[in-house]
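Residue-level structure breakdown
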Amino acid sequence: MLSVLRVHLPSDIPIVGCELTPYVLLRRPNKEVISEDVPESAPVDGYFLRYKWYRIQSDKKVAICSIHPSEQATLQCLGCVKAKIPVSKSYHCSPKCFSDAWQHHRVLHERAASAVNENGNEEEEIFGRFNSTGSGVINSSLTSSQSSGSLANGTTPLYPAAVTQRNGGETWFEVGRSKTYTPTADDIGHALKFECVVVDAETKLPVGPASTILTSRVIPAPCPTPRRMFSVSGVDIPGHLDLDGRLSSSGTFTVLSYNILSEAYATSELYSYCPSWALAWTYRRQNLLREIVGYRADIVCLQEVQSNHFEEFFAPELDKHGYQALFKRKTAEVFNGSINNIDGCATFFRRDRFSHVKKYEVEFNKAAQSLTDAVVPIAQKKTALNRLVKDNVALIVVLEAKFSNQGVDNPGKRQLVCVANTHVNVQQELRDVKLWQVHTLLKGLEKIAASADIPMLVCGDFNSMPGSAPHTLLALGKVDPMHPDLAVDPLGILRPPTKLTHQLPLVSAYSSFARMGVGLGLEQQRRRMDPNTNEPLFTNCTRDFIGTHDYIFYSADSLTVESLLELLDEESLRKDTALPSPEWSSDHIALLAEFRCKPRTRR
């Protein structure tokens with residue numbers, strides 16, 4: 001007979017909107033151990049598995065701490081209640097919790113007052129559609145929330161919900177009959193129970209006892225304070241909904257660049273300070289999706305996207321929001337794990353704003369092979385390839401805009417945009433390899449620019465600090481022969497330094513903060529910039545490292561920056577000034593810039 005050996009959940013804490021899929025280990029009559037699902041439609045040895053999920057509701061009212069969502073709240077900020085801030089933000093588990101969070105918490109009050117003046121709720125505009133734990137959710141759990149009107153298997157309602165048992169001060173509601181269950185707002189503050197039983201396929205009767213597992217209380221998905229857009233003119237842009245309206249009428253477009261932290265790298269060893277439930281991919285993918293979609297960018301450049309996550313999650317999910325997807329996986333000469341765990345660069349664009357014209361894939365391994373064949377002696381070729389072959393890639397996409405701001409002077413003129421998305425090698429000791437990869441990419445972009453009158457955008461994680469040789473090459477078009485990074489060149493691939501040039505008029509989008517006028521919040525943004533390089537103080541923030549590795553460069557002869565997404569400061573990260581955290585699901589922060597194409601003169 002088929003029997004259940006073990007049942008467990010990958011995460012101890014269930015979160016609203018993040019599906020729960022228990023791991024069920026089975027033993028067949030022949031003693032073979034399997035972990036595959038055995039539904040009624042495909043029984044094994046005459047048996048199948050029947051699942052049930054229950055919500056265990058207590059008559060006692062429950063509220064969850066907004067800072068430590070796994071803890072029960074003991075106090076509430078009345079200022080939040082008066083300011084009509086989402087009630088879930090008002091709860092804290094202790095006076096110390098409230099005191100420690102006050103510097104960040106008071107920003108909610110300030111923004112609530114600003115939002116009232118602007119007759120809008122900024123937080124709900126940006127995140128409301130994607131956050132099922134929005135305003136008022138905690139109130140429902142405080143008043144013994146009622147059961148959902150129907151049970152769901154996936155997304156299809158199956159039958160009316162039923163109270164199956166009442167024991168003392170607890171009521172058990174049956175909420176699902178599939179192996180996977182996604183907690184809802186009604187589950188907040190309540191434990192869930194999963195039940196699995198072997199059933200005879202012929203009689204449809206259970207065989208043996210049910211195997212069960214009890215979860216901790218369901219918590220709401222933590223929601224970070226929304227990041228605002230700042231206009232280069234110094235006029236505050238209150239929210240993305242207003243920005244959307246402006247985009248469709250003015251001919252501007254937005255570009256997002258974001259290293260989302262691959263699941264393969266998000267280990268508890270590297271990020272021990274992040275709660276395990278917040279590090280789990282089932283949680284992070286939903287939090288990342290909500291953030292990415294919330295920015296409503298026209299072009300999205302993501303790095304560290306695993307192959308399986310692109311195919312199974314990001315491409316189909318962003319397709320629902322009107323995005324077309326393109327992907328370039330890293331090569332696998334060095335990597336020897338599962339092919340699904342190989343990450344790469346993914347570029348998405350809104351179909352109503354752009355159409356796809358052409359795609360170029362850059363494999364730095366191939367460029368390394370060509371280089372060593374041409375300039376490295378045969379005796380040193382193996383050593384050279386060992387140093388240069390690192391699997392990094394770039395994805396270059398040419399898009400045609402479906403909007404125009406060219407006016408009557410250029411009727412019918414196509415507006416093309418070239419977008420490069422890359423992730424440069426991470427190893428800090430390989431300075432020569434980083435610079436060579438960036439130089440190789442820029443030379444490829446020069447060829448595209450020479451063939452067409454086309455604006456250029458170069459986005460990505462360059463794993464290079466401001467002022468480094470790769471950053472200098474991008475920003476200035478050349479590298480000083482005396483630059484200290486050039487001292488590391490064991491293969492002689494950077495000689496002579498005079499060849500390290502390009503002719504693209506590239507400028508870092510975020511350097512525009514240094515050129516902005518006086519405006520609300522701009523001085524605060526400038527304090528988050530390095531005055532020497534005019535780049536953000538950080539885009540990557542962990543316990544072991546804080547600095548800038550991510551950039552959006554643009555061709556200044558054909559594009560102008562209209563607005564930028566605000567930068568974070570260490571204080572706003574709250575959790576030991578380190579990423580990832582329950583609020584932010586990557587160790588990088590997203591960069592977002594709004595551009596306008598300059599009108600072109602006739603040639």
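Just so it is clear, the model here is predicted, and its values are computed rather than measured.

Our next topic: the sheet that holds strand S22 (residues 456-461). Paired through backbone hydrogen bonds, the strands of a sheet run either parallel or antiparallel to each other. Pairing is mixed across the open sheet formed by 6 strands, whose spatial order is S19-S20-S21-S22-S28-S23. Lying at the two open borders of the sheet, with one neighbouring strand each, are strand S19 (354-363) and strand S23 (506-508). Looking at each pair of strands side by side, their axes are set apart by 20 degrees on average, direction ignored. Along the sheet, helix H9 (residues 364-375) makes contact with S19, strand S20 (393-401) and strand S21 (416-423), crossing S19 at roughly 45 degrees. Each of S19, S20, S21, S22 and S23 is contacted by helix H11 (residues 431-451), which is oriented at about 160 degrees to S22, the strand it contacts most.

Let us now look at the confidence of the model for the chain. Mean pLDDT over the chain stands at 85; residues scoring 70 or higher make up 83%. Under a pLDDT of 50 for its full length, residues 118-161 has, in the predicted model, 105 contacts with residues more than four places off or in other chains. Note on residues 234-249: pLDDT is under 50 here. Beyond four places in sequence and across chains, it has 41 contacts.

Residues that lie three or four places apart on an α-helix share one face, since the helix turns once every 3.6 residues. The end-to-end C-alpha separation of H9 is 16 Å, in line with the 16 Å expected for 12 residues at 1.5 Å each. Buried residues of H9: Phe364, Asn365, Ala368, Leu371 and Thr372, and no others. When H9 is viewed along its axis, its buried side chains cluster within an angular range of 120 degrees and face the same direction. For H9, exposure combined with an orientation more than 90 degrees from the buried face picks out Lys366 and Ala374.

On to helix H10 (residues 381-388). Among all positions in H10, only Ala384, Leu385, Arg387 and Leu388 are buried. Projected down its long axis, H10 shows its buried positions confined to an angular sector of 160 degrees, all on one face. The outward face of H10, more than 90 degrees from its buried face, is lined by the exposed residues Lys382, Thr383 and Asn386. Looking at the packing, one finds that the buried side of H10 touches H9 and H11.

For the rest of this paragraph, the subject is the side chain of Asn425. By the secondary structure assignment, Asn425 is in the loop between S21 and H11. For Asn425, the residues in contact, after removing those within four places along its chain, are Lys390, Asn392, Leu430, Lys434, Gln437 and Asn463.

Below, the discussion takes up the sheet that holds strand S3 (residues 33-34). Spatially, the 3 strands line up as an open sheet ordered S1-S2-S3, and their pairing is antiparallel. Single-partner strands in this sheet number two, and they are strand S1 (3-8) and S3. Pairing geometry for strand S2 (residues 23-27) and S3, over 2 bridges, is antiparallel. Within S3, the residue paired with Arg27 across the bridge is Val33.

With the rule as written, the count across this model stands at 21 aromatic pairs. A centroid spacing of 5.3 Å and a plane angle of 50 degrees characterise the contact between Tyr554 and Phe595, whose relative ring orientation is tilted. Taken as a pair, Tyr554 in strand S28 (residues 550-555) and Phe595 in strand S30 (residues 591-597) lie far apart in primary sequence, 41 residues in all. Residue Tyr554 is classed as buried on the basis of its relative accessible area, which comes to 5%. Taken together, Phe253, Phe354, Phe403, Tyr554 and Phe595 form an aromatic cluster joined through their ring pairs.

Counting residues in each nonpolar core, the largest one holds 66 residues, and the members touching the most others are Phe253, Ile292, Ile299, Phe348, Phe354, Leu457 and Phe595. Sorting elements by how many residues they give to this core places helix H7 (residues 281-295) first, with 6 residues. The contact partners of Phe348, leaving out residues within four places of it in the chain, are Asp298, Ile299, Val300, Leu302, Phe310, Phe314, Ala315, Leu318, Tyr323, Gln324 and Ala325. Formed by 42 residues, the second largest nonpolar core is a distinct cluster that contains Ala384, Leu388, Leu441 and Leu445.

Let's shift gears to the side chain of Arg285. Inspection of the secondary structure puts Arg285 in helix H7. A polar contact of 3.0 Å, which involves the side chain of Arg285, links it to the side chain of Glu19. Among residues more than four places away in sequence, those in contact with Arg285 are Glu19 and Phe313.

The rules behind these values
Residues numbered from 1 in each chain as written. Predicted model: local features only at pLDDT ≥ 70, side-chain atom pairs only at ≥ 80, totals over all residues. Heavy atoms only, no water. Pairing = 2+ DSSP bridges. Helix = DSSP H or I, 4+ residues; strand = E, 2+ residues; numbered from the N terminus. Axes fitted to C-alpha atoms, helices over the stretch in contact; angles between N-to-C directions. Contact = heavy atoms within 4.5 Å. pLDDT = per-residue confidence, 0-100. Expected span 1.5 Å × (residues − 1). Buried < 20%, exposed > 50% of the residue type's maximum accessible area, 1.4 Å probe, protein only. Arc of directions from axis to C-beta. Phe/Tyr/Trp six-rings, centres within 6.5 Å; stacked < 30°, edge-to-face > 60°. Core = buried A, V, L, I, M, F, W, Y, C linked by side-chain atoms within 4.5 Å. Polar contact = N/O pair within 3.5 Å; in protein donor to acceptor, adjacent residues only side chain to side chain.

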